[in-house]
Amino acid sequence: MFGLADCNNFYASCERVFRPELNGRPVVVLSNNDGCIIARSNEAKELGIPMGAPVFKIRDIIEKNNVVVFSSNYALYGDMSHRVMMCLQNFAPEVEVYSIDEAFLHFEGMQLIDLHEYAAKITHTVKRNTGIPLSIGIAHTKTLAKVANHLAKKSKVKSGAFIIADEQQRIEALKNFEIDKIWGVGRQYAKFLKNAGINTALDFTKCNRNWVKKNLTVMGLRMWEELNGMPCHEIEPVPENKKTICTSRSFGNMLENYQTVEEAVSTYAARCGAKLRKQKSTAGVMLVFLHTNRFREDLPQYCKNIVIELPVPTNSTIELVKYAKAGLKAIFKNGFKYKKAGIIVSELAPQTAVQTNLFYEVDHQKHNNLMLVLDKLNNTYGRDTVRLGAQGYSKRWTLRQEQLSPCYTTSFENIMTVKC
DNA sequence: TCTGGGGTCCTAGGACCC
DNA sequence: TCTGGGGTCCTAGGACCC
């Protein structure tokens, strides 16, 4: 059996762990730059606040109902996520961390006498140890476990668990399960399937196999098989290395000045370097992009990217920043108000297998040694403690985060305060 | 005034090979 | 009027996930 453990309203719940007086009150968490709603407590959902809504469009709901608003605090959520995942490791031989707030558990080889009891024990323990409420769905395939998890959340049973163990339960669960809630059915497929008269998960499982493959590709076919109880997706306890890495941000304010954009882009390149080194990869190709604010139809628009082939694959921040700056120089045009820029690195390869270039003069060993020290310092004392001059000091481009909570669990000062 | 930031996989079609 | 039969690799675009 597979279990899917999914934290309830994760970001909002993280904030509440350290502000227990907010229990029972509507809480929302915003995206970067305090732009959109990306997490809601149950009370906020009941007020009809939609997921993804730009916050300025629902300002009146927020004020009228005294909704508590937080900027996103990924240092906090990342650390809380880690605690939840560590706790889940104790309950199954194989655990796959699927996202910041979700994990698949594979109960392979376990003699589970009473699944309900065991699932309830998991949710209870995670809540007790971390403060985070959890729902868990258990079934014979990952896709069915996803369905079960949805039903666990919907039914609001105290244990937070829902189990699809036999054929009758499977049919019962799928009978009223809306097609667009299935894992793997997005907006386009939902529209297509509804047009074809397929409205529930059960309808879908009764479709002709070839028809499914023809119209929804092999992805759809796997979905169909999994919903019919035949596992296609295995558990992946060890995460694969990334094949592309992207660092991009919208700026807190629109930027016109070249120097300022260059500082931002250099910082994104440095961040890509750190991510590459973390998974022991080098990048062979870099893409730099830049664009104006597409929502401001009253302003002139500009959107451009450039692809740079690196002469020798690298993960050195010094080199990556150099190429990022060159790329930016090639695409930057004066006279526009820029809103967002980013770096995407690809053609990733293991850093142990770099094909060098006879005519390239960079001393890679020297760079590697330097990066090792740089990472060590920044991991210990905080991001960008040591950085390239190109990344700047002005911070005129940084995020807007007006409702940021303290990093309760990761900031040195906070931890000391709590202990005292 | 204010609109997020990451990723993956699959397919069709074109260019090229023999 | 008639125009072979295999392949591979690459890319853009479209779908999906959190």
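Procedures and definitions
Residues numbered from 1 in each chain as written. Chains lettered and ligands numbered in written order. Predicted model: local features only at pLDDT ≥ 70, side-chain atom pairs only at ≥ 80, totals over all residues. Heavy atoms only, no water. Near = heavy atom within 4 Å. Polar contact = N/O pair within 3.5 Å; in protein donor to acceptor, adjacent residues only side chain to side chain. Helix = DSSP H or I, 4+ residues; strand = E, 2+ residues; numbered from the N terminus. Nonpolar A, V, L, I, M, F, W, Y, C, P; charged D, E, K, R; others polar.

### Looking at the protein's contact with DNA strand B
The local shell around DNA strand B holds 27 residues, among which C246, S248, R249, S250 and K339 are the closest. Near the protein, within 4 Å, the atoms of DNA strand B are sugar or phosphate in 75% of cases. At 3.1 Å, a side-chain N or O of S31 approaches a sugar or linking oxygen of DNA strand B. Those elements giving two or more residues to the surface near DNA strand B turn out to be α10 (209-227), β9 (245-255) and β12 (338-346). Per-element tally for the surface near DNA strand B: the top contributor is β9, with 7 residues. A per-class count over the surface near DNA strand B returns 9 nonpolar, 9 polar and 9 charged.

### Quick look at the protein's contact with DNA strand C
Inspection of the region around DNA strand C gives 13 residues, with E102, K146, G184, G186 and Y189 positioned closest. Backbone atoms, meaning sugar and phosphate, make up 100% of the atoms of DNA strand C lying within 4 Å of the protein. Within the side chain of K146, a nitrogen or oxygen atom sits 2.8 Å from a phosphate oxygen of DNA strand C. In this structure, a phosphate oxygen belonging to DNA strand C sits 2.8 Å away from a main-chain N or O atom of G186. Going through the elements one at a time, β5 (94-99) and α8 (187-195) are the ones with two or more residues in the surface near DNA strand C. For the surface near DNA strand C, the leading source of residues is α8, giving 3 residues. Its residues placed into classes, the surface near DNA strand C shows 5 nonpolar, 4 polar and 4 charged.

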